[in-house]
Amino acid sequence: MGEGKDLRDSSPTVYQALRQRGVSRRDFMKFCSLMAATLALPASFAPKIAEALEKAKRPSLVWLEFQDCCGNTESFLRASNPTVVDIVLDVLSVDYHETIMAPAGKDAEKSLQDVVKNQKGKYICVVEGAIPTRDGGVYCCVGGRAAIDIAKEVCGNSLATIAMGACAWDGGIPSANPNPTGAVGVKDVISGVPIINLPGCPANVVNLTGTVVHYLTFGSLPLTDNNGAPLFGYGTRIHDACQRRAHYDAGRYVRQWGDEGHRNGWCLYYMGCKGPETYKNCPTALWNDRTSWPVGAGHNCIGCASPKFWDTMTPFYSRLASIPGFGVESTADKVGLGLAIATAAGVTAHAIARAGRKHIRHEDEEKTAKTEDK
Amino acid sequence: MPKIAIDPVTRIEGHLRVEAQVDGGQVKDAWASSTMFRGIELILKNRDPRDAWAFAQRI
């Protein structure tokens with residue numbers, strides 16, 4: 001990279017990069033249609049997206065891994081259709097990603113520093129994993145530096161930071177009770193740059209790509225909800241788009257794994273499904289190259305896009321959410337109390353408002369379920 | 001003897017640092033350390049055992 005000069009001026013546009021990699025015009029248009037659908041836009045927007053990607057330069061992207069399990073990286077790379085992988089990797093110019101980059105050690109660090117220095121304020125930073133704050137942040141170090149220091153520098157100089165997955169969003173599993181390392185999400189330690197949160201364990205790559213394509217097409221980041229998550233991906237309740245919803249409405253429930261209801265694809269509500277409390281586009285975006293999703297495969301939703309889900313959505317196989325300390329048989333009132341305690345623990349007021357809203361809805365559904373059960 | 005450090009080690013899943021003591025172009029001694037800790041074992045304590053797979057899977 002040249003000193004102080006943005007070499008991306010001479011770099012190919014998204015479309016040129018795709019064509020150079022052998023992606024056909026037809027596949028490109030299919031991708032644009034997928035993006036229009038992901039962004040909850042009418043199909044007529046696909047040509048507008050195509051037009052934008054024909055002109056847009058690929059944004060530089062760095063991917064930081066902190067207290068993570070690499071699950072979001074897997075989600076990012078594991079599309080079974082090579083064309084989709086090509087498209088994603090070509091739309092995004094990934095300049096630093098420890099799991100997939102060739103350089104190691106000091107050379108790797110140089111790649112990151114080059115982007116921060118030469119692309120200041122122009123690159124997108126994706127963060128995967130939580131940031132430990134206890135004991136000076138020693139619980140996650142890269143190149144001898146604490147994660148929190150790296151985050152402040154790299155996120156702080158970015159155009160926008162995308163917190164990919166539950167851990168980067170609100171601390172996720174490392175921050176689950178008793179949070180041994182004082183883990184927090186990006187939003188808790190970074191300010192001054194736009195942060196887009198992509199909750200979920202893991203987040204879906206279409207929502208990451210959708211966020212970037214939205215920026216390239218409209219010149220702005222997507223509208224977000226009170227969790228800072230894009231409305232296009234997190235505005236719909238899983239329960240409302242669920243393929244098993246008709247069974248819920250008709251009172252046909254799975255009561256035991258492998259029973260007649262389970263074999264017939266009935267509603268998993270009584271098996272602990274958190275779909276009625278969770279907002280994410282899993283039923284429509286799907287997983288594994290759009291083949292299926294947990295509920296489609298016969299397992300209940302574990303509510304992974306909900307705030308502090310490792311504590312608020314467990315036990316996963318119990319119908320009522322309970323907070324550690326209250327036991328499996330917690331009542332809804334106790335859960336409400338638990339959420340009040342979570343407020344004191346530093347969960348944002350917005351998350352609580354939303355959790356409260358869900359809590360009320362949950363009670364309604366409980367009633368409905370009981371009525372239908374009779 | 002000069003000591004070299006490779007951190008981060010890339011193209012792996014997780015965080016790794018390798019230090020090596022080199023003498024005349026030969027590695028005489030080496031140390032590998034994992035530079036990230038979350039305490040999943042501590043987090044798993046006192047939870048519903050049916051949930052353990054989901055926690056442990058995230059290691």
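Residues numbered from 1 in each chain as written. Chains lettered and ligands numbered in written order. Predicted model: local features only at pLDDT ≥ 70, side-chain atom pairs only at ≥ 80, totals over all residues. Heavy atoms only, no water.

This next bit is on the sheet that holds strand 7 (residues 160-164) of chain A. Residue and element names in this part refer to chain A. Pairing is parallel in the open sheet, where five strands are placed in the order 2-1-3-7-9. A single partner strand is all that each edge strand has here, and the edge strands are strand 2 (93-97) and strand 9 (195-198). Strand-to-strand twist of the sheet, defined as the mean angle between neighbouring strand axes without regard to direction, takes the value 20 degrees. Of the strand pairs in this sheet, strand 1 (residues 60-65) and strand 2 are connected by four bridges, and their pairing is parallel. Opposite Val62, over in strand 2, you have Tyr96 as the bridge partner. Its contacts with the sheet put helix 6 (residues 105-118) on strand 1 and strand 2, and the angle it makes with strand 2 is roughly 130 degrees. Where helix 7 (residues 147-156) meets the sheet, its contacts fall on strand 1, strand 3 (124-128) and strand 7, and the angle it forms with strand 1 comes to roughly 165 degrees. (Pairing = 2+ DSSP bridges. Helix = DSSP H or I, 4+ residues; strand = E, 2+ residues; numbered from the N terminus. Axes fitted to C-alpha atoms, helices over the stretch in contact; angles between N-to-C directions. Contact = heavy atoms within 4.5 Å.)

For the rest of this paragraph, the subject is helix 6 of chain A. Taking 1.5 Å per residue, 14 residues should reach 20 Å; helix 6 of chain A reaches 20 Å between its end C-alpha atoms and fits that length. When helix 6 of chain A is considered as a whole, its buried residues turn out to be A:Gly105, A:Ala108, A:Glu109, A:Ser111, A:Leu112, A:Val115, A:Val116 and A:Asn118. (Expected span 1.5 Å × (residues − 1). Buried < 20%, exposed > 50% of the residue type's maximum accessible area, 1.4 Å probe, protein only.)

Take the state of the cysteines next. Residues and elements named next belong to chain A. Applying the stated criterion across every chain yields a total of zero disulfides over all chains. For the unlinked cysteine Cys267, the closest cysteine sulfur is that of Cys273, found at 6.5 Å. By relative accessible area, Cys267 is classed as buried at 7%. The structure places no disulfide on Cys301, whose sulfur is separated from the nearest cysteine sulfur, that of Cys273, by 5.1 Å. (Disulfide = S-S within 2.5 Å.)

What follows deals with the domain arrangement of chain A. All names here are of chain A. Parsing chain A into structural domains produces domain 1 (7-234) and domain 2 (236-374). With 28 residues of domain 1 at the contact, the number on the domain 2 side is 22 residues. Carbon and sulfur atoms supply 52% of the area buried between domain 1 and domain 2, which totals about 2000 Å² over both sides. Per-residue buried area on domain 1 facing domain 2 is highest for Asn204, Asn226 and Tyr234; these three make up 25% of the total on that side. On the surface where domain 1 and domain 2 come into contact, there are zero salt bridges. For the interface between domain 1 and domain 2, the tally reads eight residue pairs in polar contact (both at pLDDT 80 or more). (Domains from an automatic or database assignment. Buried area = accessible area lost by both parts, 1.4 Å probe. Salt bridge = Lys/Arg side-chain N within 4 Å of Asp/Glu carboxyl O. Polar contact = N/O pair within 3.5 Å; in protein donor to acceptor, adjacent residues only side chain to side chain.)

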